[in-house]
Protein chains: 2
Amino acid sequence: MKVFIVHAHPERKSLNGALTDIAVDTLTGAGHEVRVSDLYAMRWKSTIDADDFGPAASTPLDATLDSGRAFETGTLTDDIRAEQDKLRWADTVILQFPLWWYTMPAILKGWVDRVFTYGFGYGVGEHNETRYGDRFGEGALQGKRAMLSLTVGGPESHYSDRGINGPIDDLLYPIQHGILYHPGMQVLPPFVLYGAGRISAETFTTATDLWKECLLDLPHTDPIPYRTQNGGDYEIPAARLRPGLEAPGRTGFGLHIHA
Amino acid sequence: MKVFIVHAHPERKSLNGALTDIAVDTLTGAGHEVRVSDLYAMRWKSTIDADDFGPAASTPLDATLDSGRAFETGTLTDDIRAEQDKLRWADTVILQFPLWWYTMPAILKGWVDRVFTYGFGYGVGEHNETRYGDRFGEGALQGKRAMLSLTVGGPESHYSDRGINGPIDDLLYPIQHGILYHPGMQVLPPFVLYGAGRISAETFTTATDLWKECLLDLPHTDPIPYRTQNGGDYEIPAARLRPGLEAPGRTGFGLHIHA
């Protein structure tokens with residue numbers, strides 16, 4: 001595999017740092033190629049602004065059209081083009097981050113906001129009354145696989161089916177389906193390490209053993225069976241799931257996974 | 001009211017800019033006080049790092065403990081303390097932003113990550129086997145009200161009950177429940193403007209009329225009836241909803257709203 005790890009934690013000597021180090025060692029040890037973007041070490045710029053689009057920036061700024069024009073003309077900034085090239089190179093993408101406020105840290109969101117430009121992350125394919133783009137299973141990153149690896153401060157019960165924070169699968173849906181599957185990547189089940197705030201040495205060893213196993217299994221792991229937008233399950237252009245396709249009792253985000 | 005608007009868009013001459021301008025004019029015109037944090041204009045720093053905690057920063061960095069210590073000792077940076085002061089001053093908080101990748105832009109997530117420190121946004125109250133903090137209905141911002149106002153590029157059907165992106169209420173749950181209700185604010189129903197990419201003059205007028213009405217109604221709007229963590233509905237410390245409390249068919253995030 002060619003694995004691209006996007007690492008988003010302010011302290012390299014952290015649990016997240018350890019998980020990324022283990023991933024690099026385990027994967028290279030098994031003969032895979034690995035590249036890492038350590039966003040904090042790179043001092044990654046988190047905010048979209050006119051500087052991203054150079055001569056393609058319009059006045060007033062239109063982040064969608066301007067990013068698309070800069071993408072088409074090859075005038076995006078070097079930092080954005082480098083990340084897009086890493087995504088093109090990879091066949092497997094891992095996002096490693098702590099869950100902060102039930103989603104990714106700002107620096108990682110800023111990586112998505114800036115790198116997933118119009119024409120690359122979205123706005124791919126025809127958009128008309130009978131087709132609403134190549135997305136959700138199709139797109140510029142089609143054929144690649146992606147996985148989240150995250151640490152969570154609270155205990156697992158808070159993220160269970162009846163947990164107050166909501167089920168972890170639902171919290172991750174906007175990232176897994178909305179960001180990774182949207183431009184065409186298949187999404188593997190996430191690796192989630194709970195209770196990360198006060199982890200014992202024993203728990204750490206158990207967790208890292210599981211992590212190594214998960215990494216070595218990657219080539220054979222089945223993705224989450226999300227429905228493709230353009231495979232007939234959805235009314236187009238409304239992008240509503242056709243009636244009666246879901247398993248009994250499935251609602252909300254769960255509708256978009258094959259029964 | 002004392003209304004604090006946090007505005008997150010890179011272009012002031014945008015739909016988001018117009019909605020914030022209308023909010024300021026409408027609310028001040030009705031005799032309310034308004035303060036605005038225009039995050040792009042302030043060049044808001046999005047990323048948590050050791051610089052946020054000054055002498056309270058430990059090696060290796062621990063963002064939770066360090067932010068708590070800096071909060072307690074009044075040594076957070078000026079920019080963070082100013083935002084916390086605005087939150088203390090306000091009785092009503094509005095977050096105005098475009099929905100990017102199914103959640104807030106990085107700069108606004110960075111405002112949450114940095115301003116909602118331990119001891120202020122979370123980690124308030126006792127944490128032991130019979131109590132898991134003052135949160136979800138209680139906390140440092142208890143008694144205040146908050147609302148999201150957002151623009152969405154896609155059409156409403158994509159965010160409907162069977163829409164491919166998932167229902168908008170579920171997409172916003174991690175923000176409304178996880179960020180706003182968590183430190184104690186009551187959350188008002190969101191103002192959502194769909195199809196923001198190509199809005200006609202007529203739609204704009206209709207939308208801004210609705211927005212003005214929504215703003216003037218604010219003092220009388222009922223909040224979303226989320227369950228309080230410490231009101232008896234949850235097993236503690238597991239924070240799982242006790243069996244049988246929900247309306248028939250409610251699952252996932254919907255469990256945490258009173259039947």
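Only a predicted model underlies this, so the values are computations on that prediction, with no experimental measurement involved.

Let's shift gears to the overall build of chain A. Looking only at helices and strands, chain A has 6 helices and 8 strands in total. Ordered by position in the sequence, the α and β elements of chain A form the string β-α-β-α-α-β-α-β-α-β-β-α-β-β. A compact globule built from 259 residues should have a C-alpha radius of gyration of about 18 Å, and chain A, at 19 Å, falls within 12% of that. Residues classed as buried in chain A amount to 48% of the 259 residues present. Long-range contacts, defined here as pairs at least 24 residues apart, represent 73% of the contacts in chain A between residues at least 6 apart.

This brings us to the packing of helix α3 (residues 78–89) of chain A against helix α4 (residues 106–115) of chain A. Residues and elements named next belong to chain A. α4 packs onto α3 with a crossing angle of 90° between their chain directions and a minimal axis gap of 10 Å. By the criterion of interaxial angle, the relationship of α3 to α4 is roughly perpendicular. Each of I80, E83 and Q84 in α3 lies in contact with α4, whose residues at this interface are W111, R114 and V115. Residues belonging to the contact of α3 with α4 are distributed by class as follows: 3 nonpolar, 1 polar and 2 charged.

Once that is clear, we can look at the interface of chain A and chain B. How large an interface is tends to be reported as the accessible area lost when its parts come together. Between chain A and chain B, the residue contacts involve 52 residues of the former and 52 residues of the latter. Of all the secondary structure elements, the ones that give two or more residues to the side of chain A that touches chain B are α2 (63–72), α4, α5 (168–181) and β8 (240–241) of chain A. Each residue belonging to the side of chain A that touches chain B can be placed in one class, and the counts come to 26 nonpolar, 18 polar and 8 charged.

Take the pairing of strand β2 (residues 33–38) of chain A next. All names here are of chain A. By the bridge criterion, 6 bridges tie strand β1 (residues 2–7) to β2 in an arrangement that is parallel. Across the sheet, the residue bridging to I5 is V36, located in β2. Read from β1 through helix α1 (residues 15–29) to β2, the crossover connection turns out right-handed.

For the rest of this paragraph, the subject is the relation of the copies chain A and chain B. One copy of the chain maps onto the other through a rotation about an axis plus a displacement along that axis. With an RMSD of 0.0 Å, the operation that places chain A on chain B is a rotation of 180° combined with a shift of 0.0 Å along the axis. Classification of the inter-copy transformation places it as that of a two-fold axis. When C-alpha distances to the rotation axis are compared across chain A, the minimum falls at A106 of chain A, with a value of 2.4 Å. Residue by residue, 100% of the interface of chain A is reproduced at the interface of chain B, so both copies engage with the same surface.

Right, let's get into the packing of α4 of chain A against helix α4 (residues 106–115) of chain B. When two helices pack together, their arrangement is given by the angle between the helix axes and by the axis-to-axis distance. Packing of α4 of chain A against α4 of chain B leaves a shortest axis separation of 8 Å and a crossing angle of 180°. Taken together, the axes of α4 of chain A and α4 of chain B are roughly antiparallel relative to one another. Here A106, K109, G110 and D113 of chain A of α4 of chain A lie close against α4 of chain B, whose contacting residues are A106, K109, G110 and D113 of chain B. The residue inventory of the contact of α4 of chain A with α4 of chain B, partitioned by class, reads 2 nonpolar, 2 polar and 4 charged.

Okay, the nonpolar core next. One finds V6, V93, L108 and W111 of chain A together with V6, L108 and W111 of chain B to be the most contacted residues of the largest nonpolar core, which totals 137 residues. If sequence neighbours within four positions are ignored, V6 of chain B has contacts with S37, L39, L95, Q96, L108 and W111 of chain B.

Let us now look at the pairing of strand β3 (residues 92–98) of chain A. Residues and elements named next belong to chain A. Within β3, 7 of the 7 residues are buried, leaving the element largely enclosed by the surrounding structure. In β3, alternate side chains face the same way, and those of T92, I94, Q96 and P98 on one face and V93, L95 and F97 on the other are all buried. Looking at chain direction, β3 and strand β4 (residues 145–151) are connected through 7 bridges and run parallel. The residue of β4 that forms the bridge with F97 is L150. Viewed along the sheet, the connection from β3 through α4 into β4 turns out right-handed.

All names here are of chain B. Position of T205 relative to the elements: it lies in helix α6 (residues 201–217). Take T205: there are 10 C-beta atoms within 10 Å of it, and that puts it in the exposed class. A sequence separation of 203 residues divides T205 from K2, and the C-alpha atoms of the two residues are 26 Å apart.

All names here are of chain A. Take P248: it is sitting in the segment after β8. You can call P248 exposed: it has 5 C-beta atoms within 10 Å. On a C-alpha basis, the gap between P248 and A259 in space is 8.7 Å, while along the polypeptide they are 11 residues apart.

The next subject is unusual backbone geometry. That bond from I236 of chain A to P237 of chain A is cis: its omega, 10°, falls within 30 degrees of zero. Relative to the helices and strands, P237 of chain A resides in the loop between β7 (234–235) and β8. The amide bond that connects T59 of chain B to the next residue, P60 of chain B, takes the cis arrangement and shows omega of -5°. Position of P60 of chain B among the secondary structure elements: in the loop between β2 (33–38) and α2 (63–72).

All names here are of chain B. Take R145: it is sitting in strand β4 (residues 145–151). Using a count of 21 C-beta atoms within 10 Å as the deciding quantity, one classes R145 as buried. Expressed as a C-alpha distance, the spacing of R145 and M185, which sit 40 residues apart in the sequence, is 5.1 Å. Residues within four places of R145 in sequence aside, it is in contact with D91, T92, M185, Q186, L188 and P223.

Bringing the confidence of the model for chain A into the picture now. Close inspection of predicted coordinates is inappropriate for parts of the model with low pLDDT. The predicted model of chain A has a mean per-residue pLDDT of 96, with 100% of residues at 70 or higher. Scored by ipTM, the complex comes to 0.97, with pTM at 0.98.

What counts and what doesn't
- Every residue gets a number counted from 1 within its own chain, in the order that chain's sequence is written.
- Lettering of chains starts at A and numbering of ligands starts at 1, both following the order in which they are written.
- At least 70 in pLDDT is required for a residue's local features to be given in this predicted model, at least 80 for side-chain atom pairs to be given and counted, and no such filter applies to totals for whole chains, interfaces and linings, which use all residues.
- A run of H or I in DSSP counts as a helix once it spans at least four residues, and a run of E counts as a strand once it spans at least two, with each numbered from the N terminus.
- Just to be clear, the radius of gyration here is over C-alpha atoms, and the globule rule we use is 2.2 Å times residues to the power 0.38.
- Our exposure labels follow a C-beta count within 10 Å of each residue's own C-beta, placed from the backbone: buried means 20 or more other C-beta atoms, exposed means 12 or fewer, and partly exposed covers the counts in between.
- Contact between two residues is assigned when their C-beta atoms, built from the backbone, lie within 7 Å.
- As a rule, the C-alpha atoms of each element are fitted with a line to give its axis, helices using only the stretch in contact, and angles between N-to-C directions run from 0 to 180 degrees.
- What sets the label is the angle itself: under 35 degrees gives roughly parallel, over 145 gives roughly antiparallel, 65 to 115 gives roughly perpendicular, and the rest give oblique.
- Ten residues, namely Ala, Val, Leu, Ile, Met, Phe, Trp, Tyr, Cys and Pro, are considered nonpolar, four, namely Asp, Glu, Lys and Arg, are considered charged, and the remaining ones, Gly among them, are considered polar.
- Whether two strands pair depends on DSSP finding at least two bridges between them.
- With the strands pointing away from the viewer, any crossover whose connection runs clockwise from the first strand over the helix to the second is right-handed.
- The least-squares superposition of copies is restricted to C-alpha atoms, and to residues with a pLDDT of at least 70 in both copies.
- As used throughout, a nonpolar core is a set of buried Ala, Val, Leu, Ile, Met, Phe, Trp, Tyr and Cys residues joined through C-beta atoms within 7 Å of each other.
- Scored from 0 to 100, pLDDT reflects the predictor's confidence in each residue.

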